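# Remarks on the overall topology
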Amino acid sequence: MPTNRLQSQAWRVLSLVPLSLLAGCAQRRGGDDFWMLDPKGIISATQDHYLTLDVLVMLLIIVPTAAFIVWAMRHYRKDGGRGHYDSRWDHSNALEAVIWGIPILTVGVLSYYSVKAIYAVNPYHPTVITRAERAPAAPAPLDVDVISTDWQWVFVYPQQHIATVDRLEIPKGVPVRFRLTSATVVNDFYIPQLVGMIDVMPGMRVRQSLVASSTGTYEGFSADYSGAGFSWMDFKTRAVSSKAFSAWVAKVQAAPRHLSYATFDIVARPTINVHDRVVYFSQVQPGLFRHVVAETRAGKTYPTPMAMTENMTGYLRLQARRDAKNRD
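Residues numbered from 1 in each chain as written. Predicted model: local features only at pLDDT ≥ 70, side-chain atom pairs only at ≥ 80, totals over all residues. Heavy atoms only, no water.

## Overview of the confidence of the model for the chain
- Mean pLDDT over the chain works out to 84, with 87% of the residues at or above the 70 mark.
- Mean pLDDT across the secondary structure elements of the chain bottoms out at helix 1 (residues 3-14), with 56, and peaks at strand 2 (residues 153-157), with 97.
- Here residues 27-32 scores under 50 on pLDDT; set against residues more than four positions off or in separate chains, the count is nine contacts. (pLDDT = per-residue confidence, 0-100. Helix = DSSP H or I, 4+ residues; strand = E, 2+ residues; numbered from the N terminus. Contact = heavy atoms within 4.5 Å.)

## As for the sheet that holds strand 4 (residues 167-171)
- Taken together, five strands build an open sheet; the order of strands is 4-10-9-6-7 and the sheet is mixed. Lying at the two open borders of the sheet, with one neighbouring strand each, are strand 4 and strand 7 (195-200). Here the average twist between neighbouring strands, direction ignored, is 20°.
- Helix 5 (residues 242-253) contacts strand 4 and strand 10 (234-240) of the sheet and is inclined by roughly 135° relative to strand 4. (Pairing = 2+ DSSP bridges. Axes fitted to C-alpha atoms, helices over the stretch in contact; angles between N-to-C directions.)

## A few points about the packing of aromatic side chains
- A complete count under the given rule lists 15 aromatic pairs for this structure.
- When the ring of Tyr50 is compared with that of Tyr113, the centres are 6.4 Å apart and the planes differ by 50°; the resulting orientation is tilted. With Tyr50 in helix 2 (residues 42-75) and Tyr113 in helix 3 (residues 93-121), this residue pair connects regions lying 63 residues apart in the sequence.
- For Tyr50, a relative accessible area of 12% gives the class buried.
- Under the relative-accessibility criterion, Tyr113 is labelled partly exposed at 26%.
- When the centroid spacing of 5.6 Å and the interplanar angle of 70° are considered together, the rings of Trp153 and Phe189 count as edge-to-face. (Phe/Tyr/Trp six-rings, centres within 6.5 Å; stacked < 30°, edge-to-face > 60°. Buried < 20%, exposed > 50% of the residue type's maximum accessible area, 1.4 Å probe, protein only.)

## Brief notes about a nonpolar patch on the surface
- There is a patch of nonpolar side chains on the surface, built from Leu51, Val55, Leu56, Met58, Leu59, Ile62 and Val63 and spanning about 590 Å² of accessible area.
- Within the element layout of this structure, Leu51 appears in helix 2.
- On the accessibility criterion, Leu51 (41% relative accessible area) is partly exposed. (Patch = residues over 30% accessible without salt bridge, like charges linked within 9 Å, V, L, I, M, F, W, Y side chains within 5 Å. Areas by Shrake-Rupley, 256 points an atom, 1.4 Å probe, with all protein chains shown as cover. Salt bridge = Lys/Arg side-chain N within 4 Å of Asp/Glu carboxyl O.)

## Observations regarding the packing of helix 2 against helix 3
- Interhelical geometry of helix 2 versus helix 3 gives an angle of 180° and a closest axis separation of 10 Å. In terms of axis orientation, helix 2 runs roughly antiparallel to helix 3. From helix 2, Ile43, Thr46, Gln47, Tyr50, Leu53, Asp54, Val57, Met58 and Ile61 reach across to helix 3, where they touch Ile102, Thr106, Val109, Leu110, Tyr113, Lys116, Ala117, Ala120 and Val121.
- Looking at side-chain class alone, the contact of helix 2 with helix 3 contains 13 nonpolar, three polar and two charged residues. (Parallel < 35°, antiparallel > 145°, perpendicular 65-115°, else oblique. Nonpolar A, V, L, I, M, F, W, Y, C, P; charged D, E, K, R; others polar.)

## Remarks on the pattern of salt bridges
- One pass over the full model with this rule turns up six salt bridges.
- Put simply, Asp143 and Arg177 hold a salt bridge, and the shortest N to O gap is 3.0 Å. One end of the pair, Asp143, is in strand 1 (residues 142-148); the other, Arg177, is in strand 5 (residues 176-182), and 34 residues separate them in sequence.
- According to the relative accessible area criterion, Arg177 is partly exposed, its value standing at 35%.
- For Lys300, the salt bridge identified is with Asp265, shortest N-O distance 3.3 Å. Taken together, the residues Lys300 in the loop between helix 7 (288-297) and helix 8 (306-310) and Asp265 in helix 6 (residues 261-267) connect sequence positions 35 residues apart.

## What about the pairing of strand 1?
- Strand 1 sits mainly inside the fold: six of its seven residues count as buried.
- Bridge analysis of strand 1 against strand 5 gives seven bridges, and the strand direction is parallel. Residue pairing for strand 5: Val144 is matched across the bridge by Phe178.
- Note that strand 1 and strand 2 share four bridges and pair antiparallel. When the sheet's bridge partners are listed, Asp145 is paired in strand 2 with Val156.

Structure representation (structure tokens):
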């Protein structure tokens, strides 16, 4: 094979290497979809819209600049170039206007869209969610309290008096309003296809909102390293029809386990949910979220057993046996 052909193929392969940098946008468990490029909610679609605008504006700078560099290299090259050196040249108003004017204009445009984006997806008052809530015949919002532990997510539905562990079920097209806190350390609540990440802090309450625009199952996880079980601290988010959501609520309301604070105190102990176990609770203690916040502020902690961090392999094997026993 000719040498130039080999070089051409080599360059073709090397040109694909930068695509590997996008691997962080793809699903962690074998999926082929790119989360950040496949929004399924109003918030995520708005973020994707403004991200696209930012990229296009920057390309309007990068592409002409790169083309001008190539032109200048050819035009002013030492051998065969058409340009000439003028020792008397020292200033050009036109060139100054281009050098300073275009960046100033670019920063102004980006600043304008950045401010619009901030108000549109502001976790406490997202204008895109507000417009959805004010639409004619808009459904009533759904409230969900989110409590992160080491290393699980507890979702409490105050209106329905139910709770789940590592499973978030929401109706399609309904605004979902979250209150979030942590019973242990700082975590980041993140569902890439539905809503951006937000810090969940111990002893504090933060807010977030979303509206799922289509049914499906979406990956949610903690995006802030929080210890030994961080790699397994994820949860499935299922957006379903309103009818299916009502049926699911009725199913959970019939669950035999109740969630009092004493029960939560057990659930919040350091646990690594390796096999995606989902736990359902009915009859949730009123004010549980506020009680968790108050206890955390008062210094409540959940120490991690040394055996869990010193012998992770042994711990995972032990949990696998427990899960198999529970399934049997």
